[in-house]
Amino acid sequence: MADIDKLKITIIRDECIGDGACCDDAPNTFELDDDGIAVCKAGSTDSRDTILEAARNCPTDAIVVEDVDTGEKLVPEG
Ligand code: SF4
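Residues numbered from 1 in each chain as written. Predicted model: local features only at pLDDT ≥ 70, side-chain atom pairs only at ≥ 80, totals over all residues. Heavy atoms only, no water.

Draft legend 1. Highlighting the pattern of salt bridges. Under the definition given, this model contains 5 salt bridges. Measuring nitrogen to oxygen at the nearest pair gives 3.9 Å for the salt bridge that ties E66 to K8. Linking E66 in strand β4 (residues 63–67) with K8 in strand β1 (residues 7–11), this pair joins segments that are 58 residues apart in sequence. With relative accessibility at 22%, the residue E66 sits in the partly exposed group. A relative accessible area of 47% places K8 in the partly exposed class. (Salt bridge = Lys/Arg side-chain N within 4 Å of Asp/Glu carboxyl O. Helix = DSSP H or I, 4+ residues; strand = E, 2+ residues; numbered from the N terminus. Buried < 20%, exposed > 50% of the residue type's maximum accessible area, 1.4 Å probe, protein only.)

Draft legend 2. Quick look at the nonpolar core. Counting 21 residues, the largest nonpolar core has I9, F30, I63 and V65 as its most contacted members. For this core, the secondary structure elements donating two or more residues are β1, α1 (21–25), α2 (48–56), β4 and β5 (73–75). Among all residues touching V65, those that are not within four sequence positions of it are L7, K8, I9, L52, A55, E72, K73, L74 and V75. (Core = buried A, V, L, I, M, F, W, Y, C linked by side-chain atoms within 4.5 Å. Contact = heavy atoms within 4.5 Å.)

Draft legend 3. Quick peek at the site of the ligand. As a structural note, the neighbourhood of the ligand is formed by 13 residues, with C16, D19, G20, C22 and C58 the closest of them. Judged by the proximity of its atoms to the pocket grid, the ligand belongs to the largest cavity. When its residues are assigned to classes, the shell around the ligand shows 9 nonpolar, 3 polar and 1 charged. (Near = heavy atom within 4 Å. 1 Å grid on protein atoms, 1.4 Å probe; cavity = no way out; pocket = protein on both sides within 12 Å on 5 of 7 lines; lining within 4 Å. Sits in = over half its atoms within 2 Å of the grid points. Nonpolar A, V, L, I, M, F, W, Y, C, P; charged D, E, K, R; others polar.)

Draft legend 4. Focus on the sheet that holds β1. With antiparallel pairing, 3 strands are arranged side by side in an open sheet as β1-β4-β5. Of all strands in the sheet, those with a lone pairing partner are β1 and β5, marking the two edges. Direction aside, neighbouring strands of the sheet carry axes that sit 30 degrees apart on average. Pairing of β1 with β4, which is carried by 5 bridges, proceeds in the antiparallel orientation. Each residue of the ladder has a partner; that of I9, found in β4, is V65. (Pairing = 2+ DSSP bridges. Axes fitted to C-alpha atoms, helices over the stretch in contact; angles between N-to-C directions.)

Draft legend 5. Representation of the side chain of T29. Assignment of secondary structure puts T29 in the loop between α1 and β2 (30–32). Side chain to side chain, T29 and S44 meet in a polar contact 2.7 Å long. Residues contacting T29, with those up to four places away along its chain left out, are I4, I9, V39, C40, K41, S44, D46 and I51. (Polar contact = N/O pair within 3.5 Å; in protein donor to acceptor, adjacent residues only side chain to side chain.)

If you want it as C-alpha cells, here you go:
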C-alpha cells in the first residue's frame, strides 16, 4: 500500500495562495488546478515523510493531513 493511502489529505481551498510550494516539495502528490489552487494527484508514490514535509512547508497551513488509521492530525501541528 502506498504511503498516501494511509494519509487523509485535505486542502483548504480558501487558504491556498497558489504559490506551488507543495508541488515543488512533493510533485507526485500535489499540483495546481486550473484555478491555481493546489489539489492532490491520484496514485502518488511519494513517501510519507515527503508528503508531511510538503504539508508542513505550506505558508498558510492550507494542507491538513490526518493519519487514516488513528485519526490523528499530523499537520498542522497543534
Ligand atoms: S503550499 Fe499551500 S499555499 Fe502553496 S500551493 Fe500548496 S496548498 Fe497552496
